[in-house]
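# Observations on chain architecture
Listed below are the residues making up each chain.
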Amino acid sequence: MNKYTSMFHSLRSLLMVGAFAMPLAAVAADFPAGAYVAHKSITLTFDAQGQFHVNDGKGTQVSGRYTVKGDQLELTDTEGPWACTKTGEQSGTYTWKYAGSVLTLTKVTDSCQDRVGTLAAVSWKRPQ
């Protein structure tokens, strides 16, 4: 293998790694990750690695993964006492809007009524 072939393979590998990293970068760039509070004691946190957590002041009640495509937010519960783990209820899709430090989620499709009631019934505010 000559130095040009070696450089080509290195560049191709770098481009492939970059292509796989783009969805995570899109989440971080478009969606306002961070902590939000509702009901004075429930905190919903989205980190930049695609994980979310719901804490009720006593501890984490739900943890899971999230993905963002445009204005669509998909949440998939993975663990916790409030997690929707029945077949067909693990994931829900919502539209999201962020304005004036307030995140609003509107149900698109979700079979887990507890998640819908917790997430879509309120405005999530960033703590000051």
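Bear in mind the structure is a predicted one, so any value in this text is a computation, not a measurement. (Residues numbered from 1 in each chain as written. Predicted model: local features only at pLDDT ≥ 70, side-chain atom pairs only at ≥ 80, totals over all residues. Heavy atoms only, no water.)

### Overview of the pattern of salt bridges
Counted according to the given criterion, the structure contains two salt bridges. Among the ionic pairs, Asp110 bridges to Arg115, the shortest N-O distance being 2.7 Å. Take Asp110 and Arg115: they sit in the same class, and that class is buried. Look at the salt bridges and you will find they share partners, linking Asp77, Asp110 and Arg115 into a network. (Salt bridge = Lys/Arg side-chain N within 4 Å of Asp/Glu carboxyl O. Buried < 20%, exposed > 50% of the residue type's maximum accessible area, 1.4 Å probe, protein only.)

### Examining the nonpolar core
Phe46, Leu73, Leu105 and Trp124 are the most contacted members of the largest nonpolar core, which totals 22 residues. Where this core is concerned, the elements lending two or more residues are β1 (34-38), β2 (42-46), β3 (51-55), β4 (60-69), β5 (72-79), β6 (91-99), β7 (102-110) and α2 (113-119). If near-sequence neighbours (up to four positions away) are discounted, Leu73 is found in contact with Phe31, Phe46, Tyr66, Thr67, Val68, Gly92, Thr93, Tyr94, Trp96 and Leu105. (Core = buried A, V, L, I, M, F, W, Y, C linked by side-chain atoms within 4.5 Å. Helix = DSSP H or I, 4+ residues; strand = E, 2+ residues; numbered from the N terminus. Contact = heavy atoms within 4.5 Å.)

### Section: the environment of Val37
Positionally, Val37 belongs in strand β1. Residue Val37 is classed as partly exposed on the basis of its relative accessible area of 26%. Expressed as a C-alpha distance, the spacing of Val37 and Trp124, which sit 87 residues apart in the sequence, is 5.4 Å. Beyond its immediate chain neighbours, meaning those up to four positions away, Val37 contacts Ile42, Thr43, Ser123, Trp124, Lys125 and Pro127.

### Digging into the state of the cysteines
What we call a disulfide is simply a covalent bond connecting the sulfur atoms of a pair of cysteines. If you walk through the whole model with that rule in mind, you get one disulfide. Linked covalently through their sulfurs, Cys84 and Cys112 form a disulfide whose S-S length is 1.7 Å. Here Cys84 is found in the loop between β5 and β6, whereas its partner Cys112 is found in the loop between β7 and α2, with 28 residues between them in sequence. Take Cys84 and Cys112: they sit in the same class, and that class is buried. (Disulfide = S-S within 2.5 Å.)

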